[in-house]
Amino acid sequence: RAWFRSKDGHKYTWHADKKRLELIRDDNFDKPVASFHKERRYLHVLRMSQHPYIEVHASALDSLDYIVVSFLLVERLRRQLGFG
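Below: a short report on this structure.

Thresholds, definitions, all that
Residues numbered from 1 in each chain as written. Predicted model: local features only at pLDDT ≥ 70, side-chain atom pairs only at ≥ 80, totals over all residues. Heavy atoms only, no water. Pairing = 2+ DSSP bridges. Helix = DSSP H or I, 4+ residues; strand = E, 2+ residues; numbered from the N terminus. Patch = residues over 30% accessible without salt bridge, like charges linked within 9 Å, V, L, I, M, F, W, Y side chains within 5 Å. Areas by Shrake-Rupley, 256 points an atom, 1.4 Å probe, with all protein chains shown as cover. Salt bridge = Lys/Arg side-chain N within 4 Å of Asp/Glu carboxyl O. Buried < 20%, exposed > 50% of the residue type's maximum accessible area, 1.4 Å probe, protein only. Contact = heavy atoms within 4.5 Å. Phe/Tyr/Trp six-rings, centres within 6.5 Å; stacked < 30°, edge-to-face > 60°. Lys NZ or Arg CZ within 6 Å of the ring centre and 35° of its normal.

A few words now on the pairing of strand 4 (residues 34–37). In this structure, strand 3 (residues 21–25) lies alongside strand 4, joined through three bridges in antiparallel fashion. Opposite L21, over in strand 4, you have F36 as the bridge partner. Relative to strand 7 (residues 53–56), strand 4 runs antiparallel, the two sharing four bridges. Across the sheet, the residue bridging to H37 is Y53, located in strand 7.

This is the structure in structure tokens:
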């Protein structure tokens, strides 16, 4: 788990496992404010049917720069440790 405190004063925590990566805000644990969706491939080997993307909830758009930078750091660490 990795976390950061944004300029709005909220603490955001990345929760990761092999299948997903979600960002949770400290005041709402039930619904993620950002989610990373991996690519989808035809038959798991051919070309991509859907490119990877980050879905960000409108309530977190004022912290978008923090979200993107922290995502890049967490995803890099996740790949280095073999979880991606």
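Taken together, the side chains of L61, L64, V68 and L72 make up a nonpolar region of the molecular surface, amounting to roughly 330 Å² of accessible area. On the basis of relative accessible area, L72 is assigned to the exposed category, the value being 52%.

This paragraph deals with the side chain of S70. Its place among the elements puts S70 in helix 1 (residues 64–80). Judged by relative accessible area, which is 11%, S70 ranks as buried. Those residues in contact with S70 that sit more than four places away from it in its chain are F4 and W14.

A few words now on the packing of aromatic side chains. The full count for this structure, using the stated rule, is four aromatic pairs. Aromatic pair F4 and Y12: ring centres 5.3 Å apart, planes at 15°, arrangement stacked. Look at F36 and F71: their rings are 4.9 Å apart centre to centre, the planes differ by 45°, and that puts the pair in the tilted class. Of this pair, F36 sits in strand 4 while F71 sits in helix 1, and the two are 35 residues apart along the sequence. For the pair formed by F36 and F71, the shared burial category is buried. These aromatic residues form a ring-pair network of at least three members: F4, Y12 and Y66. Here the basic side chain of K11 rests over the ring of W3, its NZ or CZ set 4.4 Å away from the ring centre.

The next thing to look at is the environment of I54. Inspection of the secondary structure puts I54 in strand 7. By relative accessible area, which is 29% here, I54 ends up partly exposed. Distance in space between the C-alpha atoms of I54 and I67 is 9.7 Å, their sequence separation being 13 residues. Residues in contact with I54, not counting those within four places in the same chain, are A34, S35, F36 and F71.

So, about the environment of D65. Along the chain, D65 turns up in helix 1. Exposure remark for D65: the relative accessible area of 44% places this residue in the partly exposed category. Taking C-alpha positions, D65 is 15 Å from E75, a pair spaced 10 residues apart along the chain.

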